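Descriptive analysis of the structure
If you want the building blocks of each chain, they are given just below.
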Amino acid sequence: MAEKKPTIGQAQLKLLEKLCNASAVSGDEGEVRQIVIKEITPFADEIKVDALGNVLATKKGSGRNRLRVMLDAHMDEVGFMIVADDGDGIYRFETVGGIDVRQLVGKQVLVGKNKVPGVIGARAIHLTTEEERRKKIPLDQLRIDVGLGGSKIKVGDRATFATRFKRVGPSILSKAIDDRIGVVTLIELLKFAPSNVDLCLSFSVQEEIGLRGARVAAHHFNPDLAIAVDATPANDLPSFDGSENISYNTRLGSGPAIYTTDAGTLSDPRLIRYLAKTAEARGIPFQYRQPGGGGTDAGAIHRQLKGIPSVSVSVPHRYTHTACSLSRLDDWKNTLALLYAALKGITPALLSVDRP
Amino acid sequence: MLSVPGLSAYESPVMELIREKWTPLVDEVGLSRLGSLHGLKRGSGKSPRPSIMIATHMDAIGMMVTSIKEGFLHVTSVGGVDSRVLPGTPVTVHATGSDRDEELPGVVVQPPARQLPPSVGDGPVPLDQLLVDVGLLPAQVARRIQVGDIVSYATEPVELAGDVVSGHTLDNRSSVAALTVALEELQSKTHTWDVWAVATTQEEVTMGGAFTSAFALKPDLAIAVDVTHAKGPGASDWLTHPLGKGPCLGFGPNIHPFLFDKFIELADRLEIPHENEVMPSMSGTDAYAAQVSREGIPTMLISIPLRYMHTPVEVVSIKDVQRTGRLLSEFIAGLTPDFMNTITWDI
């Protein structure tokens with residue numbers, strides 16, 4: 001009989017679709033939280049929703065000398081908050097999380113818990129001057145338009161891009177691959193939790209606005225080590241002048257991205273090497289995310305308590321924080337395979353050696 | 001009609017949909033050599049009867065593939081596209097590279113800053129630097145897509161509050177819908193004149209459809225129905241009109257003033273709310289193509305207010321569409337056999 005291990009099949013894609021289409025702007029993660037709790041309840045030993053709204057789940061192993069391993073994936077996504085009612089169905093909004101204002105114009109959005117449809121329009125090209133078109137349209141000139149007359153939208157409501165999940169050939173397209181793909185990965189790992197570790201899962205809130213959920217989650221769990229599972233930009237597009245693209249961050253199709261250094265974390269070198277060796281031993285393709293800016297929840301976790309050895313593993317995706325980001329199914333499958341293999345093989349010996 | 005492509009010069013998909021809808025409403029349907037759809041609804045008057053042409057353009061703006069690089073597509077625009085609305089916009093690539101034509105979903109993407117010329121900075125990315133990603137591997141793209149393939153907006157239409165709809169190409173499928181409403185209403189009305197319902201092609205580029213249909217059909221009167229700018233975010237000056245407060249009746253050198261007067265009278269009598277839209281020189285619509293056809297045709301322009309023109313999220317009030325249809329049908333039904341003799345410049 002084949003070894004039972006987590007896989008990405010129709011059920012996992014269905015769950016990813018459901019989670020990607022849910023709205024969970026940082027600070028308003030309720031819809032995703034409900035789905036996560038429902039999915040993990042049959043498998044977790046203990047589930048707790050903490051003061052910030054993190055879903056914290058544990059699954060105890062059974063062997064001796066078990067490491068407490070924290071896995072983190074954030075539930076929140078970038079989006080918008082309605083900040084003023086201009087009357088007659090027109091609303092002013094602010095962005096929540098890092099969104100390039102050039103990505104907003106001409107998009108459909110869904111506002112509030114009832115997902116009221118709206119659009120972000122722009123002055124017709126016929127009414128613009130050439131000089132005007134050379135400048136981006138600033139946020140304070142943009143509005144969400146939900147049509148005429150009465151609506152139940154309130155100032156303070158969140159909004160997301162309305163893009164629906166789609167599969168195209170080898171790819172997945174969605175507004176919220178970052179980081180629902182990590183959320184589903186954690187759920188699958190929980191279902192197949194290896195007995196050699198105590199698994200501590202944090203489905204974290206407010207990553208996009210300062211890693212707030214992960215910070216307190218790490219305090220709660222006090223784990224021996226932590227792995228943040230996220231989605232990272234793949235900037236693997238051709239350069240305008242035909243020169244080689246040497247700052248691609250990650251490339252689609254090259255497998256899970258292991259972090260060495262980002263703006264918030266110097267990954268624990270023992271964990272980097274362990275993940276790379278595990279991938280090599282299993283023939284799982286992987287890539288190192290190019291050292292540079294950006295960050296994940298590991299940035300908050302590794303500085304918690306007396307220090308928590310941390311690393312991040314991300315699924316590469318293009319067009320981060322836009323209406324439609326894109327990743328490859330194979331990269332996701334390989335990310336899950338690597339994490340599962342790494343969990344199964346991990347022993348306290350890994351951390352008993354000094355950092356190099 | 002909002003989910004069906006039909007870029008300028010590639011109108012067949014939408015034309016077929018309109019033809020299907022119009023066929024039971026008219027006596028004859030045909031196509032012009034440039035692809036415009038002609039529906040003839042014969043009048044009850046004695047032959048030879050005068051005829052009126054209602055021109056609504058059915059073509060859409062969009063893009064076209066100019067080159068393919070590492071699995072990504074470079075595109076240019078067909079019609080007036082403000083490239084600032086494009087990053088993140090869903091599109092359909094009408095691929096003709098393989099044995100059978102395919103519709104491939106894709107998205108217009110803004111390359112990361114480091115892959116763009118430094119001059120772009122954080123300003124808008126010009127169209128020639130934007131790319132289309134269809135989610136396929138480079139080899140698949142090279143095999144299935146070719147230069148010259150058309151790319152259409154794929155944003156799904158959505159109903160908003162207050163009888164308002166949003167989608168791409170409401171310019172000018174709203175007007176085709178209004179004309180369809182008029183044809184439906186004419187089923188139970190008597191009209192002495194012949195009516196040419198025309199869905200024109202290529203308005204967004206050359207007005208080629210309207211020029212040639214006006215020539216071919218030789219109507220005595222012409223009415224163009226198009227969209228105009230509605231008041232809304234980013235647009236509130238004298239060029240704009242309120243959304244949902246009725247159609248706009250065009251006034252200016254492109255319009256015969258006698259017809260303008262007749263329409264004002266009619267709208268007032270029917271209590272159809274309306275606005276006057278003054279156009280000091282050009283209307284930028286099929287009304288021009290009709291006006292200068294042959295020896296000249298008295299022409300009227302009715303416009304439906306629309307927000308965010310030429311973006312994938314245009315917004316129109318359904319009520320305005322219905323009111324436009326009613327106004328058209330009532331005008332047609334009210335045309336007397338000797339109407340042409342009553343037209344005067346002294347009003």
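Nothing here was measured: the structure is a model prediction, and the numbers come from that model.

Once that is clear, we can look at the packing of helix H3 (residues 170–186) of chain B against helix H7 (residues 318–333) of chain B. Residue and element names in this part refer to chain B. The N-to-C vectors of H3 and H7 enclose an angle of 45°; their axes lie 7 Å apart at closest approach. The angle between H3 and H7 places the two elements in the oblique class. The element H3 and its partner H7 pack so that their crossing is right-handed. Contacts from Ser174, Ala177, Ala178, Leu179, Val181, Ala182, Glu185 and Leu186 of H3 reach H7 at Val321, Gln322, Thr324, Gly325, Arg326, Leu328, Ser329, Ile332 and Ala333.

Glancing now at the interface of chain B and chain A. At the junction of the two partners, chain B supplies 56 residues and chain A supplies 52 residues. At the level of elements, strand E7 (102–109), strand E8 (131–133), strand E10 (158–160), strand E11 (164–167) and strand E17 (314–317) of chain B are the ones that each hand at least two residues to the side of chain B that touches chain A. A total of 3 residues in the side of chain B that touches chain A trace back to one element, the largest contributor, which is E7(B). The residue inventory of the side of chain B that touches chain A, partitioned by class, reads 29 nonpolar, 19 polar and 8 charged.

We now examine the packing of helix H4 (residues 177–191) of chain A against helix H8 (residues 329–345) of chain A. Residue and element names in this part refer to chain A. Following both chains from N to C, one finds H4 and H8 inclined at 40°, their axes separated by 10 Å at the closest point. Compared by their axis directions, H4 and H8 come out oblique. In terms of crossing hand, the pair formed by H4 and H8 is right-handed. Side by side, H4 and H8 meet where Ile181, Thr185, Glu188 and Leu189 of the first sit next to Trp332, Thr335, Leu336, Leu339, Tyr340 and Leu343 of the second. Broken down by class, the residue content of the contact of H4 with H8 amounts to 7 nonpolar, 2 polar and 1 charged.

Attention shifts here to the domain arrangement of chain A. All names here are of chain A. Once the domains are mapped, chain A shows domain 1 (10–77 + 175–352) and domain 2 (79–161). Look at where the C-alpha atoms of domain 1 and domain 2 centre, and you get two points 31 Å apart. Across the contact, 11 residues belong to domain 1 and 12 residues belong to domain 2. Of the residues belonging to the side of domain 1 that touches domain 2, the class tally is 3 nonpolar, 4 polar and 4 charged.

For the bond from B:Ser47 to B:Pro48, the omega torsion is -5°, close enough to zero to count as cis. Locating B:Pro48 in the fold gives a position in the loop between strand E2 (37–41) and strand E3 (51–57). The linkage connecting B:Asp171 with the following residue, B:Asn172, adopts the cis geometry, with an omega of 20°. Secondary-structure assignment places B:Asn172 in helix H3. Of note in this structure, A:Lys115 is not a glycine but carries a positive phi near 50°. Tracing the chain through its elements places A:Lys115 in the loop between strand E6 (107–111) and strand E7 (116–120).

This part is about the pairing of strand E15 (residues 275–278) of chain B. Inspection of the sheet shows strand E14 (residues 248–251) of chain B paired to E15(B) by 4 bridges, in the parallel sense. Looking across to E15(B), one finds that B:Phe251 is bridged to B:Val278.

On average, chain B scores 96 in pLDDT, and the residues at 70 or more come to 100%. Two summary scores accompany this predicted model of the complex, namely pTM at 0.94 and ipTM at 0.92.

Strand pairs in the sheet, formed through backbone hydrogen bonds, run parallel or antiparallel to each other. Residue and element names in this part refer to chain B. Taking strand neighbours around the barrel as the criterion, the 6 strands line up as E4-E5-E8-E7-E6-E9 in a closed arrangement whose pairing is antiparallel. With direction set aside, neighbouring strand axes in the sheet form an average angle of 45°. With 3 bridges joining them, E7 and E8 adopt antiparallel strand pairing. Counterpart to Val108 in the pairing with E8 is Val132.

All names here are of chain B. Most of strand E12 (residues 194–200) is tucked away, with 7 of its 7 residues classed as buried. A two-sided burial pattern is seen for E12, the buried positions comprising Asp194, Trp196, Val198 and Thr200 on one face and Val195, Ala197 and Ala199 on the other. In this sheet, E12 lies alongside E2 in antiparallel orientation, the contact comprising 5 bridges. If you follow His38 over to E12, its bridge partner there is Val198.

Residues and elements named next belong to chain A. Taken in spatial order, the 6 strands of this closed barrel run E4-E5-E8-E7-E6-E9, and their pairing is antiparallel. As paired elements, E7 and strand E8 (residues 144–145) share 2 bridges and run antiparallel to each other. Across the sheet, residue Val119 finds its bridge partner in E8, namely Asp145.

A separate point is the domain arrangement of chain B. It is common to report an interface's size as the accessible area lost on association of the parts. Residue and element names in this part refer to chain B. Assigned domains within chain B: domain 1 (12–60 + 168–342) and domain 2 (62–153). Computed from C-alpha atoms alone, the centre-to-centre distance between domain 1 and domain 2 is 34 Å. The interface is formed by 8 residues belonging to domain 1 together with 10 residues belonging to domain 2. A per-class count over the side of domain 1 that touches domain 2 returns 3 nonpolar, 4 polar and 1 charged.

Definitions and cut-offs
Residues numbered from 1 in each chain as written. Chains lettered and ligands numbered in written order. Predicted model: local features only at pLDDT ≥ 70, side-chain atom pairs only at ≥ 80, totals over all residues. Axes fitted to C-alpha atoms, helices over the stretch in contact; angles between N-to-C directions. Helix = DSSP H or I, 4+ residues; strand = E, 2+ residues; numbered from the N terminus. Parallel < 35°, antiparallel > 145°, perpendicular 65-115°, else oblique. Left-handed = near helix turned anticlockwise from the far one by under 90°. Contact = placed C-beta atoms within 7 Å. Nonpolar A, V, L, I, M, F, W, Y, C, P; charged D, E, K, R; others polar. Domains from an automatic or database assignment. Pairing = 2+ DSSP bridges. pLDDT = per-residue confidence, 0-100. Buried ≥ 20, exposed ≤ 12 C-beta atoms within 10 Å, placed from the backbone.

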